[in-house]
Amino acid sequence: MTRTRTLAALAPVLLLLACEPEPEDSMETATPAPAAEVDPVDNPLLGEWETPFGAPPFHLIENGHFIPAFEAAMEAHNAEIEAIASNPEAPTFQNTMVAMELAGSELQRVSLVFSNLTSSVADDEIRAIQREMSPRLAAHSAAIALNPELFARVDALYREHEELGLSSQEARLLEVTHENFVRAGAQLEGPDRDRFAEIRTHLAGLYTQFTQNDVGDSEIWMMHLAQEDLDELPRSLVSSARRAAEDRGEDGHIIVLSRSLVEPFLQRSPNRAQREEVWRAFYERGNNDNEFDNKDLIREILELRLEMANLLGFETFAHYRTAGTMAGTPEAALELMEEVWWPARARAMEEQGDIQARIEAAGLDHEVAGWDWRFFTEQVREERFDLDDAEVSAYLELDRLIEAQFYVAERLFGVRFEERDDIPVYHPDVRVWEMTDADGNHMGLFYGDYFARSGKRAGAWMSSFRPQNGLTGATPLILNNCNYNKPADGEPALISFTDATTLFHEFGHALHGLLSDTEFPSLAGTSVDRDFVEFPAQIYEHWLAQPQILEQFAIHHETGEPMPTELLERVLAARTFNQGFSTVEFLNSGFVDMAFHLETEPTSLDVEAFEAQVLASRESPDAIPMRHRSTHFLHSFAGEGYAAGYYSYLWAGVLDNDGFAAFTEAGDIFDPELARSLRENVLAAGNTIPAMDAFVAFRGREPSVEPLLRSRGFGDLIP
Ligand SMILES: [Zn+2]
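Since this is a predicted model, take the numbers as computed values, not measurements. (Residues numbered from 1 in each chain as written. Predicted model: local features only at pLDDT ≥ 70, side-chain atom pairs only at ≥ 80, totals over all residues.)

Participant: Break down the overall build of the protein chain for me, citing the residues and quoting the values.
Facilitator: Scanning the protein chain from N- to C-terminus turns up 30 helices and eight strands. Across its three principal directions, the C-alpha atoms of the protein chain cover 85 × 60 × 60 Å. Considering the protein chain as a whole, with its 719 residues, one finds that 48% of them fall into the buried category. Sequence separation of 24 or more characterises 76% of the internal contacts of the protein chain that already satisfy a separation of 6 or more. (Helix = DSSP H or I, 4+ residues; strand = E, 2+ residues; numbered from the N terminus. Buried ≥ 20, exposed ≤ 12 C-beta atoms within 10 Å, placed from the backbone. Contact = placed C-beta atoms within 7 Å.)

Participant: Please give an account of helix H28 (residues 672-683) that cites residues and values.
Facilitator: Regarding H28, the residues found buried are Leu-674, Leu-678, Val-682 and Leu-683. Down the axis of H28, the buried side of the element spans an arc of 95°, and every buried residue falls inside it. For H28, the exposed residues set more than 90 degrees away from the buried face come down to Pro-672 and Glu-673. Close packing links the buried residues of H28 with helix H19 (497-514), helix H21 (535-544), helix H27 (648-666) and helix H29 (691-699). (Arc of directions from axis to C-beta.)

Participant: Help me get a handle on the pairing of strand S5 (residues 431-436), residues and values and all.
Facilitator: Across five bridges, the pairing between strand S4 (residues 416-420) and S5 is antiparallel. Bridge pairing in S5 links Phe-417 to Met-435. Sheet topology note: the S5/strand S6 (residues 442-451) ladder contains six bridges and is antiparallel. Across the sheet, residue Val-432 finds its bridge partner in S6, namely Tyr-447. Counting the residues that bridge the hairpin from S5 to S6 gives five residues, and of these Gly-440 lies at a positive phi of roughly 85°. (Pairing = 2+ DSSP bridges.)

Participant: How would you sum up the nonpolar core? Please name residues and give values.
Facilitator: Looking at soluble globular proteins, one finds that nonpolar side chains tend to be buried together. Counting residues in each nonpolar core, the largest one holds 178 residues, and the members touching the most others are Met-337, Leu-396 and Trp-651. With nine residues, the top contributor of residues to this core is helix H15 (residues 330-361). Taken together, domain 1 (2-215) and domain 2 (221-291) each give at least three residues to this core, which thus spans both. The residues touching Trp-651, leaving out its near neighbours within four places in the chain, are Met-326, Ala-327, Leu-336 and Asp-531. (Core = buried A, V, L, I, M, F, W, Y, C linked by C-beta atoms within 7 Å. Domains from an automatic or database assignment.)

Participant: Lay out unusual backbone geometry with the relevant residues and their values.
Facilitator: For Asp-386, which is not glycine, the phi torsion reads 50° and is therefore positive. With respect to the element layout, Asp-386 can be found in the loop between helix H16 (370-385) and helix H17 (389-393). The exposure class of Asp-386 is exposed, given the 11 C-beta atoms found within 10 Å.

Participant: I'd like a rundown of the environment of His-59, residues and numbers included.
Facilitator: Looking at the element boundaries, His-59 is found in the loop between strand S1 (17-22) and helix H2 (66-85). Take His-59: there are 10 C-beta atoms within 10 Å of it, and that puts it in the exposed class.

Participant: Talk me through the environment of Ala-652; I want residue IDs and the actual numbers.
Facilitator: Looking at the element boundaries, Ala-652 is found in helix H27. When the 23 C-beta atoms within 10 Å are taken as the criterion, Ala-652 is described as buried. The spacing of Ala-652 and Glu-75 is 577 residues in sequence and 39 Å in space, taken between C-alpha atoms. With residues up to four places along the chain from it excluded, the contact list for Ala-652 reads Asp-531, Glu-534, Phe-535 and Gln-538.

Participant: Can you explain H29? Please cite residues and give values.
Facilitator: An α-helical turn contains 3.6 residues, so any two residues separated by three or four positions project in the same direction. If you check which residues of H29 are buried, you get Ala-691, Ala-694, Phe-695, Phe-698 and Arg-699. Each buried residue of H29 sits inside an arc of 115° when the element is viewed along its axis, so together they form one side. Among the residues trailing H29, Gly-700 stands out with phi positive, at a value near 85°.

Participant: Kindly report on the confidence of the model for the protein chain, identifying the contributing residues and their values.
Facilitator: The predicted structure's coordinates, where accompanied by low pLDDT, should not be read in detail. Considering every residue of the protein chain, the mean pLDDT works out to 91; 94% of them sit at 70 or more. For the stretch residues 1-37, pLDDT sits under 50, and the model shows 123 contacts to residues farther than four places along the chain or on other chains. (pLDDT = per-residue confidence, 0-100.)

Participant: Could you give me a rundown of the pairing of strand S7 (residues 458-466), with the residues and numbers involved?
Facilitator: The buried count for S7 comes to eight of nine residues, which makes it a mostly enclosed element. Bridge count between S7 and strand S8 (residues 477-484): five bridges; the pairing is antiparallel. Within the sheet, the bridge partner assigned to Met-462 lies in S8 and is Asn-480.

Participant: Run through the packing of helix H12 (residues 272-283) against H16, naming residues and quoting values.
Facilitator: It is at 8 Å that the axes of H12 and H16 come closest, and there the two elements cross at 120°. Where H12 crosses over H16, the handedness of that crossing is right-handed. On the side of H12, the interface is formed by Arg-275, Glu-276 and Trp-279, while H16 contributes Gly-370, Trp-371 and Phe-375. (Axes fitted to C-alpha atoms, helices over the stretch in contact; angles between N-to-C directions. Left-handed = near helix turned anticlockwise from the far one by under 90°.)

Participant: Please give an account of the environment of Glu-558 that cites residues and values.
Facilitator: Note that Glu-558 resides in the loop between helix H22 (547-553) and helix H23 (565-573). Residue classification places Glu-558 among the exposed positions, given that 8 C-beta atoms sit within 10 Å. Residues Glu-558 and Ala-394, spaced 164 residues apart in sequence, show a C-alpha to C-alpha distance of 8.0 Å.

Participant: Tell me about the packing of H15 against helix H24 (residues 579-598), and please be specific about residues and values.
Facilitator: In contact at an axis separation of 8 Å, H15 and H24 are set at 145° when each is read in the N-to-C sense. Crossing geometry of H15 relative to H24 is assigned as left-handed. In this structure, H15 uses Pro-330, Ala-333, Leu-334, Met-337, Val-340, Trp-341, Ala-344, Arg-345, Arg-347, Ala-348, Glu-350 and Glu-351 to contact H24, whose residues at the interface are Gln-579, Gly-580, Phe-581, Thr-583, Val-584, Leu-587, Gly-590, Phe-591, Met-594 and Leu-598. Here the residues of the contact of H15 with H24 sort into 14 nonpolar, four polar and four charged. (Nonpolar A, V, L, I, M, F, W, Y, C, P; charged D, E, K, R; others polar.)

See the structure below:
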């Protein structure tokens with residue numbers, strides 16, 4: 001993710017900070033939308049945007065505008081790059097680095113608008129454009145990254161960088177850009193060079209196909225629920241099942257393979273046979289030996305990635321991918337996972353014991369299986385914490401929590417948010433706020449798109465329409481997307497505590513984009529190492545869980561009463577519950593992801609056997625699956641953002657727990673000095689300093705893993 005972002009100056013690409021995403025939208029084949037019959041000068045995607053703050057003019061944009069706009073913008077970008085590469089003057093920082101930073105702005109704008117639509121409001125036309133454009137854009141990026149004259153100029157500057165009198169940001173830009181060129185194959189020659197370009201393009205196509213297979217295989221499955229099934233399920237789940245049926249044009253109620261339906265069903269359905277059916281269907285996505293099967297694609301992707309890494313002189317793709325991250329090597333990432341694994345596994349075995357006791361107490365004689373875990377865990381949870389989701393949600397109203405996320409930012413960083421109704425949006429549910437500093441000076445726009453809809457991928461994420469740009473003075477345009485159920489007209493949107501945590505998480509990413517204050521756009525905001533990028537998001541979650549925030553913003557939607565202290569305490573205590581399971585489930589995927597990318601002979605690899613062998617080598621409990629099995633593991637195979645990098649959520653967990661501990665140690669969650677330091681060294685700094693240096697500047701030392709283990713309730717298991 002980092003690397004693709006820092007290539008922005010070379011070729012703009014979409015960046016989604018995907019937090020556990022899973023597409024669940026429908027996919028049908030369609031031909032691309034015909035080009036709108038307009039002259040390029042009339043294409044609203046091109047030229048100046050006459051909107052407040054230069055926000056995208058969604059009221060004018062139609063699907064048919066995209067392909068012509070992409071073509072015109074790629075041509076303009078090529079001309080700009082050609083002018084830099086063939087400049088007869090000797091390379092200078094200004095005529096090469098700054099010129100590259102300024103090139104391609106139109107393509108970046110078009111790409112960012114389009115990519116956001118593909119995630120939030122995709123229809124068949126948009127998907128067809130995406131299929132057509134994704135290999136063309138990849139080829140465009142690759143051609144620039146492999147432009148020998150361009151690289152020669154960057155390389156010349158890099159070799160004499162000490163004599164250039166560069167500022168620290170300039171030196172960093174040169175270093176990062178040079179490294180990106182090298183990683184993108186710029187130093188390759190002859191047939192290696194051609195082969196590398198071929199691999200890049202081929203992989204881009206395979207990633208799209210992997211995702212579309214995942215969607216396709218999910219789409220062909222559904223399970224109808226009879227009245228007697230519905231009688232045993234909570235009302236919220238029944239209405240979700242009804243909506244799922246409406247979306248598919250089915251009668252009655254159905255379960256489909258989206259996590260937001262599957263997990264509640266596995267928690268609440270007493271029908272063991274149905275649970276097993278749903279569980280198996282969910283975990284076998286992409287592994288059904290049909291037209292959507294992803295096993296061959298995995299092998300092909302792994303082979304190409306290995307070949308690419310070898311061409312660049314790396315032992316494996318995992319080495320290539322971790323080089324230059326905060327972890328630095330696959331071994332460091334594995335070591336962290338290992339350190340957390342054994343306490344987590346020990347706790348999971350205790351949890352399994354509790355569940356087995358429950359099963360026996362219910363007069364049943366089966367061993368706990370994957371499809372039992374969530375159901376019986378829910379009973380243990382209810383018994384131990386007596387938490388009723390509806391009781392908690394009654395205090396968690398989306399609008400108030402949005403206020404809370406702004407309030408925390410205001411207290412920490414002195415910024416204000418004011419809702420605007422004059423900014424064009426791509427869907428009527430999207431809301432826009434202007435962020436200003438304490439004196440009312442404009443700093444950026446924040447778009448919140450909170451409700452689920454068909455055509456929107458599942459999960460939650462942050463993205464942007466425009467990063468902060470110190471060269472042009474452009475302010476950031478940042479989005480958050482979530483998938484909360486939209487309430488009926490006039491009803492409040494009530495969300496779960498997990499959903500509220502996600503809200504804060506994504507807003508932490510948003511602040512990373514909004515508070516960015518760098519000179520060069522390719523070093524701005526979230527363009528940091530992938531294993532550092534979750535830190536601002538995850539640390540922000542901690543403020544939600546503070547009693548002083550919940551007392552103020554967790555207000556009953558009918559009575560207006562704050563959440564009773566006793567309930568609040570139970571909500572907070574319940575957070576360490578079942579953490580053995582969650583951590584093992586996560587690490588199962590983390591270990592498999594890393595093992596795949598350390599494999600040096602993927603050609604004849606048996607995907608299922610490989611998974612099983614990795615999990616067995618860790619003595620992973622049978623009843624806990626991988627959070628994402630390989631054949632639908634989008635993090636690993638739908639792109640390179642989290643490939644050999646799934647561990648980075650855990651890495652970030654170390655950083656956020658240790659980072660927030662600084663505030664609790666100071667005795668003030670709004671400690672002004674720490675807030676200033678967090679803003680200056682992390683949120684504003686983007687990629688202008690290496691991640692470890694940024695963390696150390698904020699914390700005063702390197703990160704410690706203990707606060708993470710304690711926050712998950714493993715404090716007693718620390719060796
Ligand atoms: Zn995130």
